[in-house]
Amino acid sequence: MESCFDLTGDAPPASPVILSVPHAGRDYPPVLHDALRAPFIALMALEDRFVDEVALAARGVETTIVQRAARAWIDLNRAEHDRDPRLDDGAPAGHLSAKVRSGLGLVPRRTSSAGELWRRRLGADEVAARIAMAHRPYHAALSATLAAARARFGVAVLLDIHSMPPINGGRARIVIGDRFGRSAANRFVARIEAAVATAGLEQALNAPYAGGHILERHGDPKGQIHAVQLEIDRSLYLDARLDQPGPGFDHVVALVRSIIDALTDEAIDMPAVLAAE
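Residues numbered from 1 in each chain as written. Predicted model: local features only at pLDDT ≥ 70, side-chain atom pairs only at ≥ 80, totals over all residues. Heavy atoms only, no water.

## Examining the overall build of the chain
Phase 1 of the analysis: Helix and strand counts for the chain stand at eight helices and nine strands.
Phase 2 of the analysis: Its C-alpha atoms give the chain principal-axis dimensions of about 60 × 40 × 35 Å.
Phase 3 of the analysis: For the chain, buried positions account for 51% of its 277 residues.
Phase 4 of the analysis: A separation threshold of at least 6 residues defines the contact pool for the chain, and within that pool the share at least 24 residues apart is 80%. (Helix = DSSP H or I, 4+ residues; strand = E, 2+ residues; numbered from the N terminus. Buried < 20%, exposed > 50% of the residue type's maximum accessible area, 1.4 Å probe, protein only. Contact = heavy atoms within 4.5 Å.)

## Considerations on the layout of surface pockets
Phase 1 of the analysis: As a volume, the largest pocket reaches approximately 1300 Å³.
Phase 2 of the analysis: As for the largest pocket, its lining consists of 41 residues, and the residues nearest its centre are Arg71, Leu104, Pro165, Tyr209 and Arg234.
Phase 3 of the analysis: If you tally residues by element for the lining of the largest pocket, the top one is strand E6 (residues 156-164), at three residues.
Phase 4 of the analysis: Its residues placed into classes, the lining of the largest pocket shows 13 nonpolar, 14 polar and 14 charged. (1 Å grid on protein atoms, 1.4 Å probe; cavity = no way out; pocket = protein on both sides within 12 Å on 5 of 7 lines; lining within 4 Å. Points joined across faces, edges and corners; volume = space filled by probe spheres on them. Nonpolar A, V, L, I, M, F, W, Y, C, P; charged D, E, K, R; others polar.)

## Describing the sheet that holds strand E2 (residues 17-21)
Phase 1 of the analysis: Sheet architecture is open: seven strands sit in the order E1-E3-E2-E6-E9-E7-E8, paired in mixed fashion. Each edge of the sheet is formed by a strand with only one pairing partner; in this case those strands are strand E1 (5-8) and strand E8 (203-205). On average, each strand axis in the sheet is inclined to that of its neighbour by 20°, with strand direction left out of account.
Phase 2 of the analysis: The sheet contact formed by strand E7 (residues 174-177) and strand E9 (residues 225-233) spans four bridges and is antiparallel. Its bridge partner lying in E9, valine 175 is registered against glutamate 231.
Phase 3 of the analysis: Here helix H6 (residues 186-198) sits on the sheet and contacts E6, E7, E8 and E9; the angle it forms with E8, its principal contact strand, is near 165°. (Pairing = 2+ DSSP bridges. Axes fitted to C-alpha atoms, helices over the stretch in contact; angles between N-to-C directions.)

## Details of unusual backbone geometry
Phase 1 of the analysis: Alanine 11 connects to proline 12 through a cis peptide bond whose omega is 0°.
Phase 2 of the analysis: Geometrically, the link from alanine 207 to proline 208 is a cis peptide bond, its omega value of 10° lying close to zero.
Phase 3 of the analysis: Mapped onto the elements, proline 208 comes out in the loop between E8 and helix H7 (213-218).
Phase 4 of the analysis: Look at phenylalanine 180: it is not a glycine, yet its phi comes out positive at around 55°.
Phase 5 of the analysis: Even without being glycine, asparagine 206 reaches a positive phi, approximately 70°.

## Comments concerning the side chain of arginine 71
Phase 1 of the analysis: As for its placement among the helices and strands, arginine 71 is situated in the loop between strand E3 (64-67) and helix H4 (98-101).
Phase 2 of the analysis: Within the structure, arginine 71 has its side chain in polar contact with the backbone oxygen of leucine 46 (distance 3.3 Å).
Phase 3 of the analysis: If we skip the residues at most four places from it in the chain, arginine 71 touches His23, Leu46, Arg78 and Pro108. (Polar contact = N/O pair within 3.5 Å; in protein donor to acceptor, adjacent residues only side chain to side chain.)

## What to know about H6
Working note: α-helix, 3.6 residues per turn, so residues spaced by three or four point in the same direction.
Phase 1 of the analysis: Here H6 is 13 residues long and its end C-alpha atoms lie 18 Å apart, about the 18 Å a rise of 1.5 Å per residue gives.
Phase 2 of the analysis: Among the residues making up H6, those that are buried are Phe188, Val189, Ile192, Ala195 and Val196. Taken down its axis, H6 places every buried residue within 120° of arc, on the same side. What points out from H6, more than 90 degrees from its buried face, is the exposed set Asn186 and Thr198.
Phase 3 of the analysis: Positive backbone phi, at 75°, marks glycine 200, one or two positions downstream of H6. (Expected span 1.5 Å × (residues − 1). Arc of directions from axis to C-beta.)

## Focus: the environment of alanine 184
Phase 1 of the analysis: Tracing the sequence through the fold places alanine 184 in the loop between E7 and H6.
Phase 2 of the analysis: Taking C-alpha positions, alanine 184 is 22 Å from proline 12, a pair spaced 172 residues apart along the chain.
Phase 3 of the analysis: Not counting chain neighbours up to four residues away, the residues in contact with alanine 184 comprise Asp178, Pro221, His226, Ala227 and Val228.

## What to know about the packing of aromatic side chains
Phase 1 of the analysis: A full pass over the atoms with the stated rule returns two aromatic pairs.
Phase 2 of the analysis: Aromatic side chains phenylalanine 5 and tyrosine 138 sit 5.7 Å apart centroid to centroid with 80° between the ring planes, which places their arrangement in the edge-to-face category. With a gap of 133 residues between them, phenylalanine 5 in strand E1 and tyrosine 138 in helix H5 (residues 124-153) connect regions that are remote in the sequence.
Phase 3 of the analysis: Ring centres of tyrosine 28 and phenylalanine 40 lie 4.9 Å apart, and the angle between their planes is 70°; this geometry places the pair in the edge-to-face category. One end of the pair, tyrosine 28, is in the loop between E2 and helix H1 (30-35); the other, phenylalanine 40, is in helix H2 (residues 40-44), with 12 residues separating them in the sequence.
Phase 4 of the analysis: Take phenylalanine 40: its relative accessible area is 30%, and that puts it in the partly exposed class.
Phase 5 of the analysis: We note arginine 130 situated over the ring of tryptophan 73; from NZ or CZ to the ring centre the distance is 3.9 Å. (Phe/Tyr/Trp six-rings, centres within 6.5 Å; stacked < 30°, edge-to-face > 60°. Lys NZ or Arg CZ within 6 Å of the ring centre and 35° of its normal.)

## Some thoughts on empty space enclosed by the protein
Phase 1 of the analysis: Inspection of every chain in the model, using the stated rule, returns one cavity of 30 Å³ or more.
Phase 2 of the analysis: Here the largest cavity is characterised by a volume of approximately 50 Å³.
Phase 3 of the analysis: It is H1 that contributes the most residues to the lining of the largest cavity, three residues altogether.
Phase 4 of the analysis: Taken together, the residues of the lining of the largest cavity sort by class into seven nonpolar, no polar and two charged.

The structure is reproduced here in structure tokens:
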């Protein structure tokens, strides 16, 4: 089976920092086009547009996992059970998360700008196949990579890289998420905050994005696997139409690189800090 993601880097990892880019995929299988009810641009609006290129440009030796399949196909930042009964015949009964209720479940059903996306429901087997082909392999690769980094360095740090539309009425250009302290030690968040402050950008912590399934699943601070989500305002690195890389691209690459360096420094120092405590 052909992989739906690209994994770049040494084995075992050459750095304790691992990069993940789950929402920038631009591969749209024909079945999506055939089932589409809304304009195709509605699917593109789900992308973290070209943030994979930011991550890859900022990458040094860090192992990096980038999803190629579009988020409209399956959302890696949702749990397998986050299936939408209004779209998916295999959705489990019971409580629905807020994301599923809003139409942004494991397979997105709608967007706020375009409304309903699809002309037909999805069979249970269709979604199960997407899970087997794209969701489980990505998470298995990420889990194995983090475990290998922790085995080599004593600690692993996941930087889960996303982008966001400009926040209406908000000043934050960067949002850091650690699931309110549950997915990473504060020392790592503090280093990111310092790097963003040095870049002169307004930032926020956990609002409006605290991190989703990826941080919940892979972050294990007590087990020395720390996971932080980084949301970057798309207007910082895209053009005025938020469509193609723009004049701020290199500045954002430099920011992400500074964040990676800060996390690396903190991770390398952490075993000694723990031994002294």
